[in-house]
Amino acid sequence: MTKIILKDIDDLNTLEVYEANGGFSALKKVLKEMKADEVIEEVKKSGLRGRGGACFPTGLKWSFMPKVTDKPKFLCCNGDESEPGSFKDREIFERNPYQFLEGTLIACYAMGIKTAYIYIRGEYYRWINIIEECINQLYKKGYIGKNVAGSSFSTDIYIHKGAGAYICGEESALMSSIEGQRGYPRVKPPFPAQFGLWGYPTTINNIETITNIPEIINRGSKWFASVGEPKHPGTLLFGISGHINKPGVYELETGTPLMTIINEYCGGVWRGKSLKAVIPGGSSVPPLTRDEALKAKMDSESLKEFNSAIGTAGIIVMDQDTDLLEVLTRITYFYFHESCGQCTPCREGCGWMLRILRRISEGKGRMSDLDLLISVADNIEGNTICALGDAAAWPVKWTIRKFRGEFESKIQKEEIELPNINKVHSIRHTDYYT
Amino acid sequence: MFSEAELIEIEKIKKRYESPQSSLLPVLWMIQEKEGWISKDSMSYAAELLNIPYEYVLGVVSFYTMFFKKPKGKFHLQICTNVSCMLRGGYELYKYACKKLGINKEEITSDGMFSIEEVECLGSCATAPMMQVNNKEYFENLTFEKFDELIEKFKKEI
Ligand SMILES: Cc1cc2nc3c(=O)[nH]c(=O)nc-3n(C[C@H](O)[C@H](O)[C@H](O)COP(=O)(O)O)c2cc1C
Ligand code: FES
């Protein structure tokens, strides 16, 4: 199996070992031999697509940045990593931090950026310290700061520590958070490349996306494009959790069959049980039934066939005894808790879905509730400023559609009269001092 | 509140950003590190320091869950119950911890040692169930026994 990020080299997380294994050769190569445009062209040709969930082509995104401008430009490296089931960026910080930072420097060079912010969720205290130490080392060694590696190019890199808000992983909310505001997403257009941080051109990329860059430069776009599934090339850091024997992060080529990951790499479903469902890309993506899981290949294109998505490649495995109503209720509670509260469909809709799911759990469900849930989900989806609304709607809509029988079995035969209470508000709006 | 050295640090932080108000999150982190939580007085202080309205600071503090709006125990236990942890006993651990310490969410033990909170996914799903303490260290692959040992260890640290 090709390894691009989590290579089998001891102590790769130290600068000496990283340099001894070809570290910073890609940076030196672009500074010496390549024009900024050529770097962007190379990334375009590699077919690299964003690893933050939306799979947007990275080279194309970079090309949206204005070439000639008197304004400052910014790069934000998105290490918010808060989607339940995702824990891969943390692995990069721990095992190959310098490759990530080298990628950041190359990205800055390619887009003519002089300031990069690394946004890391506040809970990652330990990994923030690791990256801070790495940045200090690189300033000392002259890789960051004035005249990067002796060239005429200069750039600074700073860490911005989050403070507990999933929504700050959404790119425009992330910028709000760096600007010192509540993490509110912003309406697009204007897109960040035109109007980003403080109104200046900005690019946002996921940590894993950026960590791929040095190897694309070193080994060439052609090589990268040939790894894994052609439409979504490269490797992915799959994070596997739930009812599995060997949970963890596995770097595998895109297009690897899901069951190969579960059975060959992760030792199969735990306790010798059989599989009921798999969430293939973090809690926001629609789940796969057992039959779908048997056929699924893990890349953005193949999963479309099952109305699902690769998301953050966080695979959550559920065994035969899993209560999907409980799982869906917990997931919905998460999105309810994390909704920033700006858009009515998301703020109120998440609360409604949660209350309906909870009353089904309490044995007070009605058959019509299942369609009601799907209807609420449909009315959230696509009607909000950012995709948190979609992320909340998809699991509800698709878990019920795909496992309807299980939900019906939770519903009592006779109709129950329910009180009519309508007030539900986002927690982030009621969390005032008392 | 801040010492001379800390004020110099803040001036350095301000230079990283295009607007002074962007240093609000770092400043709030520094306050919480010093005081353990963020009081109304601290918010007024931050507002004055960065020349922004108090209400603005209140809005920011109330948005982010890691900023504590009330004092916590010396050891604030943050147990994840999100889906991957739930599948591997996150709720059982949370309930066990509440029972053992005799407290619920938002409560502090009478000796001021412990407080507890149920938190969302902390990116530790493969090592579930897990707990973070005081917004810092992670304790992973927990069992009831390991939890008991940790509590004993924390008690001795004081
Ligand atoms: C609610 C929400 C949360 C998100 N959280 C993250 C995150 O934690 N990390 C991340 O890289 N992208 C996250 N994204 C996606 C970002 O908005 C953005 O697409 C991504 O960082 C771009 O990087 P990429 O092109 O390299 O994937 C989130 C999106 C939404 C709607
Ligand atoms: S679900 Fe608990 S750490 Fe991810």
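Residues numbered from 1 in each chain as written. Chains lettered and ligands numbered in written order. Predicted model: local features only at pLDDT ≥ 70, side-chain atom pairs only at ≥ 80, totals over all residues.

Attention now moves to the overall build of chain B. For chain B, the count of helices and strands is 7 helices and 4 strands. From first element to last, N terminus to C terminus, chain B shows the α and β order α-α-α-α-β-α-α-β-β-β-α. Along the three orthogonal principal directions, the C-alpha set of chain B runs to about 50 × 30 × 25 Å. Split into buried and exposed, the 158 residues of chain B put 38% on the buried side. (Helix = DSSP H or I, 4+ residues; strand = E, 2+ residues; numbered from the N terminus. Buried ≥ 20, exposed ≤ 12 C-beta atoms within 10 Å, placed from the backbone.)

Let us now look at the domain arrangement of chain B. Domain assignment breaks chain B into domain 1 (4-63) and domain 2 (75-157). On a C-alpha basis, the centroid separation for the pair domain 1 of chain B and domain 2 of chain B is 29 Å. (Domains from an automatic or database assignment.)

This next bit is on the interface of chain A and chain B. Across the boundary between the two partners, chain A contributes 46 residues, which contact 35 residues of chain B. Sorting the residues of the side of chain A that touches chain B by element identifies α7 (125-140), β3 (156-161), α8 (171-178), β5 (235-242), β6 (248-253), β11 (314-319) and α14 (324-338) of chain A as the ones contributing at least two each. In terms of residue count, α14 of chain A provides more of the side of chain A that touches chain B than any other element does, 5 residues in total. Along the lines of polarity and charge, the residues of the side of chain A that touches chain B split into 20 nonpolar, 16 polar and 10 charged. (Contact = placed C-beta atoms within 7 Å. Nonpolar A, V, L, I, M, F, W, Y, C, P; charged D, E, K, R; others polar.)

This part is about the sheet that holds strand β2 (residues 114-119) of chain B. Residues and elements named next belong to chain B. Within the open sheet, the 4 strands sit side by side as β2-β1-β3-β4. Their pairing is mixed. Edge strands, defined here as strands with exactly one partner in the open sheet, are β2 and β4 (138-139). By the bridge criterion, 3 bridges tie strand β1 (residues 75-80) to strand β3 (residues 131-133) in an arrangement that is antiparallel. Within β3, the residue paired with Gln78 across the bridge is Gln132. (Pairing = 2+ DSSP bridges.)

Let us now look at the domain arrangement of chain A. By a frequent convention, interface size equals the accessible area lost on bringing the separate parts together. All names here are of chain A. Per the domain assignment, the segments making up chain A are domain 1 (15-226), domain 2 (235-315) and domain 3 (324-430). Spacing between the C-alpha centres of domain 2 and domain 3 amounts to 25 Å. Contacts between domain 2 and domain 3 engage 8 residues on the former and 9 residues on the latter. Residue classes in the side of domain 2 that touches domain 3 are distributed as 4 nonpolar, 4 polar and no charged.

Residue and element names in this part refer to chain A. Close contacts around ligand 1 come from 24 residues, with Gly50, Gly52, Gly169, Asn206 and Thr209 the closest. Take the shell around ligand 1: its biggest share by element is 3 residues, from strand β4 (residues 202-206). When its residues are assigned to classes, the shell around ligand 1 shows 8 nonpolar, 9 polar and 7 charged. Each of domain 1 (15-226) and domain 3 (324-430) contributes no fewer than three residues to the shell around ligand 1. (Near = placed C-beta within 6 Å.)

We now examine the environment of Ala313 of chain A. All names here are of chain A. Looking at the element boundaries, Ala313 is found in the loop between α13 (300-304) and β11. Between the C-alpha atoms of Ala313 and Val17, which are 296 residues apart in sequence, the distance is 29 Å. For Ala313, the residues in contact, after removing those within four places along its chain, are Lys88, Leu236, Leu237, Phe238, Gly239 and Gly281.

Moving on to the pairing of strand β2 (residues 115-120) of chain A. Residue and element names in this part refer to chain A. Of all 6 residues in β2, 6 are buried, a share of seventy percent or more. Burial along β2 is two-sided: Thr115, Tyr117 and Tyr119 and Ala116, Ile118 and Ile120, pointing in opposite directions, are all buried. Two strands pair when backbone bridges link them, and strand β1 (residues 74-79) and β2 are joined in this way by 6 bridges, in the parallel orientation. Counterpart to Cys76 in the pairing with β2 is Tyr117. Pairing analysis gives 6 bridges linking β2 to β3, with the strands arranged parallel. Paired with Thr115 across the bridge in β3 is Asp156. In this view, the connection linking β2 to its parallel neighbour β3 by way of α7 has right-handed handedness. (Right-handed = clockwise from strand over helix to strand, strands pointing away.)

Attention now goes to helix α11 (residues 258-265) of chain A. All names here are of chain A. Turning to α11, its buried residues are Leu258, Ile261 and Ile262. Looking straight down α11, one finds its buried side chains confined to an arc of 90°; they lie on one side. Gly267, located one to two residues past α11, shows a positive phi value of around 70°. (Arc of directions from axis to C-beta.)

Turning our eyes to something else, we now look at the nonpolar core. Counting residues in hydrophobic clusters, the biggest one holds 165 residues, and the most contacted among them are Cys76, Ile106, Phe238, Ile261, Val278 and Met353 of chain A. Excluding residues within four positions of it along the chain, Ile106 of chain A makes contact with Ala26, Leu27, Val30, Val39, Ile213, Pro214 and Ile217 of chain A. (Core = buried A, V, L, I, M, F, W, Y, C linked by C-beta atoms within 7 Å.)

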